[in-house]
Every structure is written in structure tokens, then in C-alpha cells.
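Here is what each chain is made of, one letter per residue.
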Amino acid sequence: MILILKQTANQEQIQALIAKLEARQLTVHYSRGEQSTLLGLVGDTASIDIDNLRADDAIEDVKRISEPYKLANRRFHPLDSQIKVGERTIGEGFFQVIAGPCSVESAEQLTCVAHSVKASGATFLRGGAFKPRTSPYSFQGLEEEGIRLLLEAKRQTGLPIVTEIMSDSQLKDFDEVDIIQVGARNMQNFRLLKALGYIKKPILLKRGLANTIEEFLMSAEYIMAGGNENVILCERGIRTFETSIRNNLDISAIPLLKRYSHLPVVIDPSHAAGITWMVQPLSRAAIAAGADGLIIEVHNDPKHALCDGAQSLNPQEFSKVMEDIKRRANFEGRQFDLK
Ligand code: PEP
Ligand code: MN
């Protein structure tokens, strides 16, 4: 980290600043030029609050030269991480497809979708029990009953389940859930992220609608800092000025996340597109750009879905898309886990 000092800073202020930094176990390199005076900081700068430093009377500006995240950082963990979920593995060449309805609506709906996605080769079942809806008047999910139905579908199909948590107070209902999803709207719910750091279950962390890659990785860092390193990153589209699609799939997030982090990356083409016909091309793009998996919404009767019907594939459409995904994942050297 480099601190650029104000031209008006006097020796007394500079010495006080250096003493303050050294007290934090940082080594300070002082460099006085004709135009400006710089302090180079070496050591653990991740815990430094830049805004706090900027408030110092002697400081003009602060530049970070290393990323503020450590545990999620590839610099300190050069190899790709593999996350184990029961018998399955995601990351470092192992590819997974998570499929199922946006929300769990009934036993009939979930059982029908679970059996059909399994038959097409999906390796995890998704389904929201606690739903973060934009309107308080929309269907909010079956809550605890939804989790019970997911566990029943898991018992019938053998598919491990992925479902979303909205608050740390719900953790007691997630004991038997295989992967806990943190939705886009909760990416910066720091209290929830901290609580998930104290458990060992894999977490599928979705990127917020308008969050930078650095903010996304800092949220992963929150979970990892508590001791839970089983984090899977999920890009699900971001807000842009474009109005003809629901969100914009940020394909460049895949190589960026892979460059800066060792964590697996899953793509959600359903929420990115908001329309069924775009799920297949976005899935192809995700595989080609290096994704480790996909999460896709499937409904037995999309027209009557209680949530996200417009982007939900029906079982026949999903089966076709899956054929294509399997071919392309194999072609790209990803090991497709069909257990
Ligand atoms: C979901 O997966 O159904 C969901 C609500 O996703 P997101 O948080 O990405 O909007
Ligand atoms: Mn949805």
C-alpha cells in the first residue's frame, strides 16, 4: 500500500503517522521526492481501513497495490480449489449442473421436476423455500415445509439439494441441506455471511446485482475468515442500461474470478437472461469461458409457476439443453459428474 502525503504535511505529522503505522506491525518505507513524499507500507495491509487513513491530516491519497482479500486470493493459494459435497466434487475440472424450480410450490411439482432433471443428468436439485421477492405481496415460499419437501425429493432421487437462506435465524432449518445458497440480494448481509463462516457446509454465494468483483470476493472472504473455506462463487447477471433482458450475464467475471481467486465459479444463466431461449447460449458461453458448473431453473408448468416462470425451462427443454451442456463440458475437458 502506498500513502501519498500532502505537500503541507510537516515532520511532526509525518513522524506521528509513521509511529501509528509501525504500531500496527507494518514496515514503513519513507521516500521524499521533489514533488511528493510517499510512504510504502509492507505487511498485513488487508485489515487497514483506507477511508480511515484518508482522514489523516498528513495524507493526500492512498493506493492499494495488493488485494484486500487473502483467503479467497489465488496469490496465497495458487491451485484451484475443489469443493466436496458428499460424493460430488466441484471445481478443478469437475463440473456440476444444479437444476430445479425457482420456488418449491408443492410436493407434486417438486417430485415431478426432481425426477425429470435427474433423468436428464442434473447432479443437484435446487428449489427456493425462503424466497427474497421484490414485492411483499408475491409468493414468499413454503419456508420450513419447502425444506421438508426438498429433503423428501432428495430421498427419492438421491440428488443433493441447494436452497437459499435469507437470515442466520433460519440456520436451524438447514442442517440437512447440502449447499446453502446466499442470494444476490444478501451478498452483503454481513451478519449472515459471518454466521455461515462458523459452519462447514458449502455455500453458493451469488454476486449482487450491482457489486464489483472485489466486493464479491470480499463477501467470500467474510465466510472464509470465520473458518468455512467451502465457498462456491455464482455470477447471475448484473444490472446495466440494457432493458431487453432481465440482467446482463457478466461473462468476463469468469476469467476475472479465476484469475484473482481459486474458488469454483458457477453460472446462473436463468436469472441472467430472464427468458428461456437464452439459457442455452449463455450456458455454452459460460462453459467456454471456464465455468465449473451451472444453476438452471426448471418447472413442470412454467406458465403457472409462482415465481420466475418466464425464465424456467420445461423438462423437455431442459433435457435438450443438458445434452448440449454435457457435450460441450466434455469438449472443454471438464469432468461431467453424473453420479
Ligand atoms: C434464485 O436463485 O431463485 C434467486 C432468487 O436468485 P438471485 O439471488 O440470483 O436473484
Ligand atoms: Mn428464481
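Residues numbered from 1 in each chain as written. Chains lettered and ligands numbered in written order. Predicted model: local features only at pLDDT ≥ 70, side-chain atom pairs only at ≥ 80, totals over all residues. Heavy atoms only, no water.

## Brief notes about the site of ligand 1
And step 1. Every residue near ligand 1 is listed here: Cys-102, Arg-126, Lys-131, Glu-164, Gln-181, Gly-183, Ala-184, Arg-185, Lys-206, Arg-236, His-271 and Glu-297.
And step 2. At 2.7 Å, a backbone N or O of Ala-184 approaches an oxygen atom of ligand 1.
And step 3. The side chain of His-271 places a nitrogen or oxygen atom 3.2 Å from an oxygen atom of ligand 1.
And step 4. Protein chains bury 97% of the 300 Å² of accessible surface belonging to ligand 1 in isolation.
And step 5. Class assignment of the residues belonging to the shell around ligand 1 gives a composition of 2 nonpolar, 3 polar and 7 charged. (Near = heavy atom within 4 Å. Polar contact = N/O pair within 3.5 Å; in protein donor to acceptor, adjacent residues only side chain to side chain. Areas by Shrake-Rupley, 256 points an atom, 1.4 Å probe, with all protein chains shown as cover. Nonpolar A, V, L, I, M, F, W, Y, C, P; charged D, E, K, R; others polar.)

## A word on the pairing of strand E11 (residues 203–206)
And step 1. Burial along E11 is two-sided: the residues Ile-203 and Leu-205 and Leu-204 and Lys-206 are all buried.
And step 2. Of the pairings in the sheet, the one linking strand E10 (residues 179–182) to E11 comprises 3 bridges and is parallel in character. Bridge pairing in E11 places Ile-180 opposite Ile-203.
And step 3. Handedness of the crossover is the feature at issue here: the chain leaves E10, passes through helix H5 (residues 190–197), returns alongside E11, and the resulting connection is right-handed.
And step 4. Pairing analysis gives 4 bridges linking E11 to strand E12 (residues 231–235), with the strands arranged parallel. Within E12, the position partnered with Leu-204 by the bridge is Ile-232.
And step 5. In this view, the connection linking E11 to its parallel neighbour E12 by way of helix H6 (residues 213–225) has right-handed handedness. (Buried < 20%, exposed > 50% of the residue type's maximum accessible area, 1.4 Å probe, protein only. Helix = DSSP H or I, 4+ residues; strand = E, 2+ residues; numbered from the N terminus. Pairing = 2+ DSSP bridges. Right-handed = clockwise from strand over helix to strand, strands pointing away.)

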